[in-house]
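# Residue-level structure breakdown
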Amino acid sequence: MLFAHIADTHLGYRQFNLEERELDFYRAWHEAVELMITEGVELVVHSGDLFDEPRPPIRALVEAKKGIKRLLEKGVRVVMIPGNHDMIMRRGSMAPHAIFDGVSVLTMENPSVVVDDVFIGGVPYLPRSYRAVLLENMAGLEKEAAQYKRRLLMLHQGVDRYLPFGHELSAGELPMGFDYLALGHVHSRIEEDVKGTRVCYPGSTEIWRIEEAGDWEREGKGFLLVDTDDMEPRRMSLGGVRPFVRTEVASEEDVDALKKALEGLGHKRPVASVTIQSEKGFSVLYDRLKREVSGMTLHLAVKRGLFKVEEARPRTPVLDIRELIYDAAEGLDEAEKAFAYDLFRSLSRGDGDGAVSLAEDFYGRWKEGALR
Ligand SMILES: [Mn+2]
């Protein structure tokens, strides 16, 4: 059976608060869906972050529905798990995926489905403080999968090997009782063979953060096409991703060269991020960028580079918030430290709901004595 593995479509995301960027994410989704249909897939697994937020704009719901309808009409089975962006960590809350008829949404209550003879397990995103639950659920699914010949596991988590900061799992904890781990969360494209188990992130379908432009330049954006016979992932790349240009300018010639490069990009106005690496010429270069380059782009971000300072100043070490919190919580156990850190992270994002849920859940588990 041929299936498509996609993730991190982030429908509804409006980068730079531009409608064009919101539309770009919808366009990528529809291009992916059409490509899946052309390739004749029988199954689509979406490994989380279908939407950019748990309460997506109506437009995002409509666009998601259109794509899903296209797939279902062609007889394609659709299986999804919620990611960290499209779910709320609160008991009884539902991910927006629940409104689509005909889609199998894997949840803690319904963690698996069998399509043909393929077992598909899935765990919705769980923060680090729920690691014990995550590991327990993965182990349960691994047991259940053992009697099947073809076994898939869908997760929306970071693995240390691919996400050194902010991961929930280490590579050694990945369950090897599956043929294919259909992962989401990491936005770059990763396909690995770990002792016969395929470990794959299809990456995001658009450039969600400027930092992702490098991976897009090297690897493109898209999804994976996999035959269950050999579980070999094949990259499908999207043609319509809006170009991102990141560059530095230090002279007027550099600005001229940038203009030439932008002209050569073709139909779609790019997003550009330009760092000015000249202290003396800063204002001249800045004016030229704003006057001559800005109009050639959809969005132009101009940054001031770090100029060499005459006097060498001693470097202060970079603050590692996680380390600071863990140090401050010395003497507490791992789950408690992780809770403190997760709480800090959701509060610093302004996610009050998330913080309340974390606290409620933590208290619940503490009361049940399930923490250690
Ligand atoms: Mn994501």
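Residues numbered from 1 in each chain as written. Predicted model: local features only at pLDDT ≥ 70, side-chain atom pairs only at ≥ 80, totals over all residues.

## Considering the sheet that holds strand E13 (residues 244-249)
What counts is decided by this rule: In this analysis, strands are considered paired if DSSP registers two or more bridges between them. Helix and strand assignments follow DSSP, with helices taken as H or I runs no shorter than four residues and strands as E runs no shorter than two, numbered in order from the N terminus. Axis lines are fitted through C-alpha atoms, for helices just across the contact stretch, and the angle between N-to-C directions can take any value from 0 to 180 degrees. We call two residues in contact when the distance between their C-beta atoms, placed using the backbone, is within 7 Å.
Overall, parallel pairing links the three strands, which are arranged E13-E14-E15 in an open sheet. Every other strand in the sheet has two partners, leaving E13 and strand E15 (299-304) as the edge strands with one partner each. Mean inter-strand twist for the sheet, computed between neighbouring axes without regard to direction, equals 15°. Relative to E15, strand E14 (residues 271-276) runs parallel, the two sharing six bridges. The residue bridging Ser273 from the neighbouring strand is Ala301, located in E15. Against the sheet, helix H5 (residues 252-263) touches E13 and E14, its axis set at about 165° to E13.

## Brief notes about the packing of H5 against helix H6 (residues 282-293)
To keep it simple, the criterion reads: The scheme is simple: roughly parallel for angles under 35 degrees, roughly antiparallel for over 145, roughly perpendicular for 65 to 115, oblique for anything else. Handedness of each helix crossing follows the sense of rotation of the near helix against the far helix: counterclockwise by less than a right angle gives left-handed, clockwise gives right-handed.
Two elements in contact, H5 and H6, have axes separated by 11 Å at closest approach and are oriented at 20°. Between H5 and H6, the angle falls in the class roughly parallel. You can see that H5 and H6 cross each other, and the crossing is right-handed. Here Val255, Leu258, Lys259 and Leu262 of H5 come into contact with H6, specifically with Leu285, Arg288, Leu289, Glu292 and Val293.

## Some words on the pairing of strand E8 (residues 180-184)
Going by this rule: Comment: burial labels come from other C-beta atoms within 10 Å of the residue's own C-beta, placed from the backbone, where a count of 20 or more is buried, 12 or fewer is exposed, and between is partly exposed.
In terms of burial, E8 is largely enclosed, as five of its five residues are buried. Residues of E8 alternate between two faces, with Tyr180, Ala182 and Gly184 on one and Leu181 and Leu183 on the opposite face, all of them buried. Examined bridge by bridge, strand E7 (residues 150-156) and E8 share five bridges and lie parallel to one another. Residue pairing for E8: Leu152 is matched across the bridge by Tyr180. Alignment of E8 against strand E10 (residues 197-201), held across three bridges, turns out to be parallel. Each bridged residue has a counterpart across the sheet, and for Ala182 the counterpart in E10 is Cys200.

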